[in-house]
Amino acid sequence: MLHVIGLSPGEEEVYRCLVQLTTAGVEELVERLRRPRVEVVAHLDALRGKGLVLPAGPEPHAPLRPLAPDVALGEALLRRQEALEAARAAVTQLTEEYRAGMRRHDADHLVEVITGAGVLRERLRDLQDAARLEVLWFCRANPLAMSGEENVEEFDALARGVRYRAIYEREMLLEPGALEDLERGVRAGEQARVLDRLPVRLAIVDARTAICPLVPDRDGGEPSAAVIGRSQLLDALLALFESHWLMATPLRSTAPPADQAGDGYRPDADEVRLLSLFVAGVPDKSIASQLGVSRRTVQRRLADLMTVAGVDTRPGLAFQAARRGWI
């Protein structure tokens, strides 16, 4: 095993035997190893040259003793480690050059097309399982492959420290159970926002891989999607997400910290939930359905919040809710 740092198998065998015996003469080593004397002597000479063996005394035929291997072999081991690190860096650079060249000359290495809801669902799960930094979502109504309640991989990823940022299409919040699924994710650490419309369905993992459907929803049939690797196309999709993230309205399920609530007023969890849906543009009737209350109760609660905010219009309430950090 020590041949990687310059010790032959025969030299290693003699040295290990000498370590076990502590001190030994040539004849004792020959008898113990059952090797030809000339072979053992040659290995001992090599070990002396490498600083691993010395005579145990000044006498001409004194027994031999081993020296500590970390001193003699440590420098060789360090040189080997440095060489391996240099080789690893060279392989990494060559791999990047290879991938860059293949991307330039072979589009198959840039975009992979997958077809079928099952295949798409499994790929989304695999990517989330492999995520290490961040997952980005454009979530449109009527999911093609995986509903929110099926996406258990998100909770595993959040638990190991992966950041999730999701933008939901407003229509999606009106689907039965959608708000409950969204709130479960937010409580687990997901950052959620809402927009009136999203241009495409999209998932991006660790800024390295994106999945984007290829066929419009209205075309029907089996869904197909492009799996896009690192490229200018992926950079464009990242920029698309970030631009929509800046425009989207945050959604929360709990009240903000006290130092974010202006004028000493701190909305409770139900009020934050109500305001999030209201600012997102969800109609009163749908808010009432999601919150399990009557439409009249929603209108009364909004009127109470308008009074607290000191405004008499709904746009004014939306502005004050954002300015005071209520949502």
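Each remark here, short or long, concerns the structure printed above.
Residues numbered from 1 in each chain as written. Predicted model: local features only at pLDDT ≥ 70, side-chain atom pairs only at ≥ 80, totals over all residues. Heavy atoms only, no water.

## A closer look at the sheet that holds strand β8 (residues 209–213)
One open sheet holds the eight strands; their spatial order is β3-β9-β8-β7-β4-β5-β6-β10, and the pairing between them is mixed. Two strands lie at the open edges of the sheet, namely β3 (111–115) and β10 (249–251), each paired on one side alone. Adjacent strand axes in the sheet meet at a mean angle of 20° when their direction is disregarded. Both β8 and strand β9 (residues 224–228) contribute to a ladder of four bridges, which runs antiparallel. (Pairing = 2+ DSSP bridges. Helix = DSSP H or I, 4+ residues; strand = E, 2+ residues; numbered from the N terminus. Axes fitted to C-alpha atoms, helices over the stretch in contact; angles between N-to-C directions.)

## Notes on the pattern of salt bridges
As enumerated under the stated definition, the model contains 18 salt bridges in all. Across the salt bridge formed by arginine 165 and glutamate 242, the nearest N and O atoms sit 2.6 Å from each other. Here arginine 165 is found in strand β5 (residues 163–169), whereas its partner glutamate 242 is found in helix α8 (residues 232–247), with 77 residues between them in sequence. Given a relative accessible area of 31%, glutamate 242 falls into the partly exposed group. Residue arginine 273 is joined to glutamate 183 by a salt bridge in which the shortest nitrogen-to-oxygen separation is 2.9 Å. With arginine 273 in helix α9 (residues 269–279) and glutamate 183 in helix α7 (residues 178–188), this pair connects stretches of sequence that are 90 residues apart. Each of the two residues, arginine 273 as well as glutamate 183, counts as buried. In this structure, a network of salt bridges that share partners links the residues Glu134, Arg163, Arg165 and Glu242. (Salt bridge = Lys/Arg side-chain N within 4 Å of Asp/Glu carboxyl O. Buried < 20%, exposed > 50% of the residue type's maximum accessible area, 1.4 Å probe, protein only.)

## Description of helix α1 (residues 9–21)
Its 13 residues give α1 an end-to-end C-alpha distance of 19 Å, which sits within 8% of 18 Å, the value for a rise of 1.5 Å per residue. All of the buried residues along α1 are Gly10, Glu11, Glu12, Val14, Tyr15, Cys17, Leu18 and Leu21. Threonine 22 occupies a position one or two residues after α1 and carries a positive phi of about 75°. (Expected span 1.5 Å × (residues − 1).)

## A word on the packing of aromatic side chains
One pass over the structure, following the stated rule, counts two aromatic pairs. Pairing phenylalanine 241 with tryptophan 245 gives two aromatic rings, centres 5.9 Å apart and planes at 20°, and the pair type is stacked. You can see phenylalanine 241 and its partner tryptophan 245 sitting in helix α8, four residues apart, about one turn around the helix. With a relative accessible area of 0%, phenylalanine 241 lands in the buried category. Here a set of aromatic residues connected by ring pairs shows up, and it is made of Phe138, Phe241 and Trp245. The side chain of arginine 165 reaches across the aromatic face of tryptophan 245, ending 5.1 Å from its centre. (Phe/Tyr/Trp six-rings, centres within 6.5 Å; stacked < 30°, edge-to-face > 60°. Lys NZ or Arg CZ within 6 Å of the ring centre and 35° of its normal.)

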